[in-house]
Amino acid sequence: MNKKIKKTYKLAEYLFPEIDNYCKNCNTCCNTYGWLIDNEVDDFLDKKYSVFQINKTLHCLDSFVRDKSNKIIINKIPKCLFYKKNRCLIYSNRPLDCRLYPIKIKFKKNKIIVGLSLGCKYVSSLSEKEKVYLCARAIVFLKKAPQEIINNYLNIMKNVNSISDPKNFQIKNIVELKEQNGRWKILE
Ligand code: SF4
Ligand code: SF4
């Protein structure tokens, strides 16, 4: 596995202490396409996981339901193929996008808003003070993680946003970023 992605996974472990207790029997965030960043695609293919390519640029876990003639039914967001018996079967290998949830991204003109998803059970269990600490940890994560990985992740999310229907989800804003010369910079 690429060293930079490994470092990013390690840093992400400190974002949500004890979240596992809340994730048991909760699949709210596993009804998803399971987006992969560029550095993850080969790792997932090497592990023989099913990966689906969209528009030659986006990759996700292939959780799509097929009809009898093997045509994909894409009229609803699939439940991740790795969510079985109320748990993630590849938890220690799950993609960065899964590791970062309940951090969610919203797009506003040429800006990105990074926020905390208020639909997550773990987030709802936190006091306002704990949410503030979590937001501070998220900013540290965005600054410390390899910028190549963060940029790639945010660009993938931008592409996903461009092909998705607008979703109305509630977030607590953490920080805004703006694209400058192909890089996403935190607006201080
Ligand atoms: S919604 Fe929150 S609590 Fe539920 S599985 Fe996802 S991260 Fe865990
Ligand atoms: S890989 Fe695991 S955590 Fe990610 S969506 Fe699938 S089941 Fe959920």
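Refer to the structure above for everything that follows.
Residues numbered from 1 in each chain as written. Chains lettered and ligands numbered in written order. Predicted model: local features only at pLDDT ≥ 70, side-chain atom pairs only at ≥ 80, totals over all residues.

K.L.:
Teacher, can you tell me more about the overall build of the protein here?
P.N.:
What the protein contains, in helices and strands, is 7 helices and 11 strands. The C-alpha radius of gyration of the protein comes to 16 Å, within 12% of the 16 Å expected for a compact globule of 188 residues. Overall, the C-alpha framework of the protein stretches about 50 × 40 × 35 Å when taken along its three principal axes. A total of 188 residues make up the protein; the buried ones form 26% of that total. (Helix = DSSP H or I, 4+ residues; strand = E, 2+ residues; numbered from the N terminus. Rg over C-alpha atoms; globule rule 2.2 N^0.38 Å. Buried ≥ 20, exposed ≤ 12 C-beta atoms within 10 Å, placed from the backbone.)

K.L.:
Could you clarify how one ought to interpret the site of ligand 1 in this entry?
P.N.:
Every residue close to ligand 1 is listed here: Ile19, Tyr22, Cys23, Cys26, Thr28, Cys29, Tyr101, Pro102, Cys120, Lys121 and Tyr122. Of all elements in the fold, only α2 (20-23) and α5 (121-125) reach the threshold of two or more residues within the shell around ligand 1. Across the shell around ligand 1, the residue classes break down as 9 nonpolar, 1 polar and 1 charged. (Near = placed C-beta within 6 Å. Nonpolar A, V, L, I, M, F, W, Y, C, P; charged D, E, K, R; others polar.)

K.L.:
Which parts of the structure should I look at to understand the nonpolar core?
P.N.:
For soluble globular proteins, nonpolar side chains are generally found buried alongside one another. If you look at the biggest cluster of nonpolar residues, it comprises 35 residues, and the most contacted ones within it are Ile37, Ile103, Ala138, Ile149, Ile150 and Tyr153. Here the element with the most residues in this core is helix α7 (residues 147-163); it accounts for 6 residues. Residue contacts for isoleucine 37: discarding those within four places in its chain leaves Leu96, Ile149, Asn152, Tyr153 and Ile156. (Core = buried A, V, L, I, M, F, W, Y, C linked by C-beta atoms within 7 Å. Contact = placed C-beta atoms within 7 Å.)

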